Amino acid sequence: MLNRLFANTFWWTIGILLLVELLIVYSMIRFRARPGQPKPKQVHGNVKLEFLWTVIPAVIVLFISIPTIQTTFETQRRAGSDALTVEVIGHQWWWEFRYPEYGVVTANELYLPVGREIHLAMHSADVIHSFWIPRVGGKRDVNPRPRGGPDERSARSNHLTFNIEQPGYYYGQCAEFCGISHAIMRMAIVAVSPAEFTAWVQAMGATADATTPVPAPPVDTSRAAGPTRTQSTAPSPLQGPATPVGPQSDVVRGQQIFTSKVCIACHTVQGTTARGVLGPNLTRFGARRYVGAGARPNTQANVEAWIRDPQSLKPGVLMPGAQQGGGGMPPSGLSEDEIRAIAAYLVSLK
Ligand code: CUA
């Protein structure tokens with residue numbers, strides 16, 4: 001739909017360009033000054049010409065704008081009743097994705113099944129952002145709700161409706177300047193088969209009883225019961241339930257520290273006592289490709305660097321570092337050893 005609009009507009013404008021250039025070149029040669037020629041007749045204010053070169057561009061603009069406006073409305077058509085609705089919430093500077101149908105919340109990587117109509121309902125928690133995943137098409141402003149405004153369906157929610165045909169990892173980026181780290185407000189659509197999507201929903205703990213906290217240590221063994229994953233495997237997050245990788249003691253200790261320190265003030269990890277909602281939900285964090293909404297690849301070293309000093313990777317971020325506060329929070333005061341353990345724990349959550 002968008003491609004068709006783009007291609008049509010492109011080829012029509014190429015045609016117009018060629019025509020205009022040809023006429024210019026022809027006129028330059030045909031009417032060039034020759035030695036000894038008298039000055040040509042000076043014309044000024046030819047009504048017929050003025051009229052023509054006003055009307056022709058106006059018609060061209062109409063030809064472009066009518067299909068553009070139609071397509072814009074088409075991308076936010078009312079979704080069918082069996083569409084998958086995902087609530088998209090822009091934050092400075094990360095993306096929150098909520099799946100009301102499944103009770104799943106995640107961040108920065110938007111898992112979607114191919115072949116099913118997708119409906120994104122979008123708003124912002126702070127300033128205006130813009131949701132844009134070029135290969136999936138459509139770009140839409142993500143506006144803050146009016147203060148004290150009503151629910152999900154408030155007038156300020158914007159919508160995008162589309163279908164994804166091919167599985168893949170489609171990069172996106174916030175497309176509206178929204179503060180100092182606007183450039184590091186990336187996201188991606190992870191388009192998977194319907195079966196893989198179902199597996200992902202289950203792995204996100206949607207079926208787990210969220211009201212019964214699992215005791216912190218040891219690591220949730222129900223998640224560890226699947227096929228073994230090794231770190232060398234390609235980063236498909238969908239190969240089965242989590243098996244922690246890395247030194248086991250660090251992972252266990254990391255979870256203990258994570259669930260007993262400031263981390264849980266802002267972060268949730270499904271299946272643990274961590275229930276914070278201010279920051280990104282970190283359930284299955286290890287399966288993500290990036291830390292900090294595209295700030296760095298998701299590796300043990302980068303996650304450590306992030307926990308130690310997120311400001312150095314992403315200026316203005318609300319998360320406090322070990323030595324430096326942030327977002328109204330004091331410094332976390334975590335030791336190097338604790339940082340390593342927490343990073344090991346987070347990276348193990350696949
Ligand atoms: Cu959010 Cu730019």
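Just above, that's the structure.
The structure displayed is predicted, hence computed values, not measured ones. (Residues numbered from 1 in each chain as written. Predicted model: local features only at pLDDT ≥ 70, side-chain atom pairs only at ≥ 80, totals over all residues. Heavy atoms only, no water.)

Turning next to the side chain of Thr75. Here Thr75 shows up in helix α2 (residues 47–75). Thr75 gets classed as buried once you look at its relative accessible area, which sits at 5%. With residues up to four places along the chain from it excluded, the contact list for Thr75 reads Met1, Leu2, Arg140, His159, Leu160 and Thr161. (Helix = DSSP H or I, 4+ residues; strand = E, 2+ residues; numbered from the N terminus. Buried < 20%, exposed > 50% of the residue type's maximum accessible area, 1.4 Å probe, protein only. Contact = heavy atoms within 4.5 Å.)

For the structure on display, the rule yields eleven salt bridges. Notably, a salt bridge pairs Asp250 with Arg340, separated by 3.2 Å at the nearest N-O pair. Residue Asp250 is located in helix α4 (residues 248–260), and its partner Arg340 is located in helix α8 (residues 336–348); the two are separated by 90 residues in the primary sequence. By relative accessible area, which is 7% here, Asp250 ends up buried. By relative accessible area, Arg340 is classed as partly exposed at 35%. (Salt bridge = Lys/Arg side-chain N within 4 Å of Asp/Glu carboxyl O.)

Turning our eyes to something else, we now look at the packing of aromatic side chains. Enumeration according to the criterion identifies eleven aromatic pairs in this entry. A centroid spacing of 5.2 Å and a plane angle of 55 degrees characterise the contact between Tyr99 and Trp200, whose relative ring orientation is tilted. In this pair, Tyr99 is assigned in strand β2 (residues 94–99) and Trp200 in helix α3 (residues 194–203), connecting sequence segments 101 residues apart. For the pair shown, Tyr99 and Trp200 are each scored as buried. Relative to Trp200, the ring of Tyr111 lies with its centre 4.5 Å away and its plane at 10 degrees, an arrangement referred to as stacked. Linking Tyr111 in strand β4 (residues 109–113) with Trp200 in helix α3, this pair joins segments that are 89 residues apart in sequence. Classification of Tyr111 by relative accessible area gives buried; the value is 3%. Through pairs of rings, three or more aromatic residues link up here, namely Tyr99, Tyr102, Tyr111, Phe197 and Trp200. (Phe/Tyr/Trp six-rings, centres within 6.5 Å; stacked < 30°, edge-to-face > 60°.)

On the basis of which strands lie adjacent, the open sheet formed by three strands has the order β4-β10-β9 and mixed pairing. Edge positions in the sheet fall to β4 and β9 (168–173), since each of these pairs with one other strand and no more. Across the sheet, the mean angle separating the axes of adjacent strands is 20 degrees when strand polarity is ignored. Across six bridges, β9 lies against strand β10 (residues 186–192) in antiparallel orientation. When the sheet's bridge partners are listed, Tyr171 is paired in β10 with Ala188. Along the sheet, α3 makes contact with β4 and β10, crossing β4 at roughly 130 degrees. (Pairing = 2+ DSSP bridges. Axes fitted to C-alpha atoms, helices over the stretch in contact; angles between N-to-C directions.)

Here we come to α2. With 29 residues, α2 extends 42 Å from end C-alpha to end C-alpha; this agrees with the ideal 42 Å at 1.5 Å per step. Two to three positions downstream of the cap, the backbone nitrogen of Lys48 sits 3.0 Å from a side-chain oxygen, assigning the N-cap of α2 to Asn46. (Expected span 1.5 Å × (residues − 1). Polar contact = N/O pair within 3.5 Å; in protein donor to acceptor, adjacent residues only side chain to side chain.)

With that settled, consider the nonpolar core. In terms of nonpolar packing, the biggest core is built from 37 residues, with Tyr99, Leu120, Phe131 and Ile189 touching the most fellow members. Of all the elements in the fold, those that place two or more residues in this core are β1 (84–91), β2, β4, β5 (118–124), β8 (158–162), β9, β10 and α3. If one sorts the elements of this core by residue count, β10 sits on top with six residues. With residues near it in sequence (within four places) discarded, Leu120 still touches Val86, Val88, Leu110, Phe131, Asn158, His159, Leu160 and Phe162. Counting 28 residues, the second largest nonpolar core, distinct from the first, contains Val291, Ala295, Leu334 and Val347. (Core = buried A, V, L, I, M, F, W, Y, C linked by side-chain atoms within 4.5 Å.)

Relative to each other, helix α6 (residues 300–308) and α8 sit at 125 degrees, their axes nearing to 9 Å. Taken together, the axes of α6 and α8 are oblique relative to one another. In this structure, the crossing between α6 and α8 has a hand that is right-handed. Together, Gln300, Val303, Glu304, Ile307 and Arg308 of α6 and Glu336, Ile339, Arg340, Ile342, Ala343, Ala344, Leu346 and Val347 of α8 make up the contact between the two elements. Broken down by class, the residue content of the contact of α6 with α8 amounts to eight nonpolar, one polar and four charged. (Parallel < 35°, antiparallel > 145°, perpendicular 65-115°, else oblique. Left-handed = near helix turned anticlockwise from the far one by under 90°. Nonpolar A, V, L, I, M, F, W, Y, C, P; charged D, E, K, R; others polar.)

What follows concerns the pairing of β4. Burial analysis of β4 places five of its five residues in the buried class, the great majority of the element. In β4, alternate side chains face the same way, and those of Glu109, Tyr111 and Pro113 on one face and Leu110 and Leu112 on the other are all buried. Both β4 and β10 contribute to a ladder of five bridges, which runs parallel. Opposite Glu109, over in β10, you have Ala188 as the bridge partner.

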